[in-house]
Amino acid sequence: MKERMIPSSCPYCHHTFEIKRDTVVIAGMNPKIDQRLEEGTYFTHQCSHCHKLYYLEQPFLYRDPKKKYILILSQHKHIQNLPVDEQIIHCQNALQFLFCFRVLSRNLNLRLVLHKKQQLEELTQKKARFDTYDLHSQCLWFFVDDRLMAIRLNNEEKHDIVKEI
């Protein structure tokens, strides 16, 4: 893990501050970070001045060498010295990062889950947040307006949903 001081300002009251945050994390090295990523709270910050919650989107690299993926939250498009045998995903914001983490940490096919998420959003005309995959029922579960909804997979999708490592 690599920590550094990150300059930031609250998007609501513009209070400026520096916060010590991890910028590089390897899966399993800090279970608390893994847990906060799973819960979707890792990038959440509460302003010490106005007390409002927001996403603190600092440069962040998360690597899982066992599952062979690297997630990157950064404005830099090219980062040197990354393993060539691992899937590298560049995320534009914290929500995209958390979505990719939830999918890839479960060994799921990112493209297929994204496709199903987009289908659900078209159907409901609302944003969907991926929750999990149920192997027994062969369903992907999403939250839509805090309501849990399932999307069944067809036979071809059932074979493609779990990634081989």
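Rules used throughout
- Per-chain numbering applies: the sequence of each chain, read as written, is numbered from 1 onward.
- With the structure being a predicted model, the display of local features is reserved for residues of pLDDT at least 70 and the display and counting of side-chain atom pairs for 80 or more, all residues being used for whole-chain, interface and lining totals.
- In computing side-chain values, all of the structure's heavy atoms are included and hydrogens and water are not.
- Runs of E in the DSSP output that reach at least two residues are strands. Runs of H or I that reach at least four are helices, and both are numbered from the N terminus.
- Only protein chains enter the accessibility calculation, which uses a 1.4 Å probe; a residue whose area is less than 20% of its type maximum is buried, one above 50% is exposed, and one in between is partly exposed.
- The contact definition used throughout considers only heavy atoms, calling two residues in contact when any of these lie within 4.5 Å.
- In this description, accessible areas are obtained by the Shrake-Rupley approach with a 1.4 Å probe, and a residue is regarded as covered only by the protein chains that are shown.
- Lys and Arg are tallied as positive, Asp and Glu as negative. Neither His nor the chain termini are counted.
- To locate a charge, take NZ of a lysine, CZ of an arginine, CG of an aspartate or CD of a glutamate.
- Centres within 6.5 Å make a pair out of two Phe, Tyr or Trp rings, where for Trp the six-membered ring is used; the pair is then stacked when the planes are under 30 degrees apart, edge-to-face when over 60, and tilted otherwise.
- Either the NZ atom of lysine or the CZ atom of arginine qualifies as a charge over a ring when it sits within 6 Å of the ring centre and within 35 degrees of the ring normal.

Engineer: How would you sum up the overall build of the protein chain? Please name residues and give values.
Structural biologist: Helix and strand content of the protein chain: four helices and 10 strands. Starting at the N terminus and walking to the C terminus, you meet the elements of the protein chain as β-β-α-β-β-β-β-β-α-α-β-β-β-α. For the protein chain, the spread of C-alpha atoms along the principal axes amounts to about 50 × 40 × 30 Å. A burial count over the protein chain gives 41% of its 165 residues as buried. Relative to all contacts within the protein chain whose residues are 6 or more apart in sequence, the contacts with residues 24 or more apart total 42%. In the structure as shown, the protein chain presents an accessible area of about 10,300 Å², 51% of it carried by carbon and sulfur atoms. The centroid of the 24 positive side-chain charges in the protein chain is displaced by 3 Å from the centroid of its 20 negative side-chain charges.

Engineer: Help me get a handle on the packing of aromatic side chains, residues and values and all.
Structural biologist: Counted according to the given criterion, the structure contains nine aromatic pairs. An aromatic cluster is defined as three or more aromatic residues linked by ring pairs; in this entry it consists of Y42, F43, F60 and F97. Across from the ring centre of F99, 5.9 Å away, lies the NZ or CZ of K117, which sits over that ring.

Engineer: Give me the lowdown on unusual backbone geometry, citing residues and values where you can.
Structural biologist: One non-glycine residue, Q138, lies in the positive phi region at around 60 degrees. We classify Q138 as buried; its relative accessible area is 18%. With a phi angle near 50 degrees, D145 is a residue other than glycine that sits in the positive phi range. The residue D145 is located in the loop between β9 (139-144) and β10 (147-152) in this model. Taking relative accessible area as the criterion, D145 reaches 53% and is therefore assigned exposed.

Spatial relationships are all this shows, so hold off on functional conclusions.
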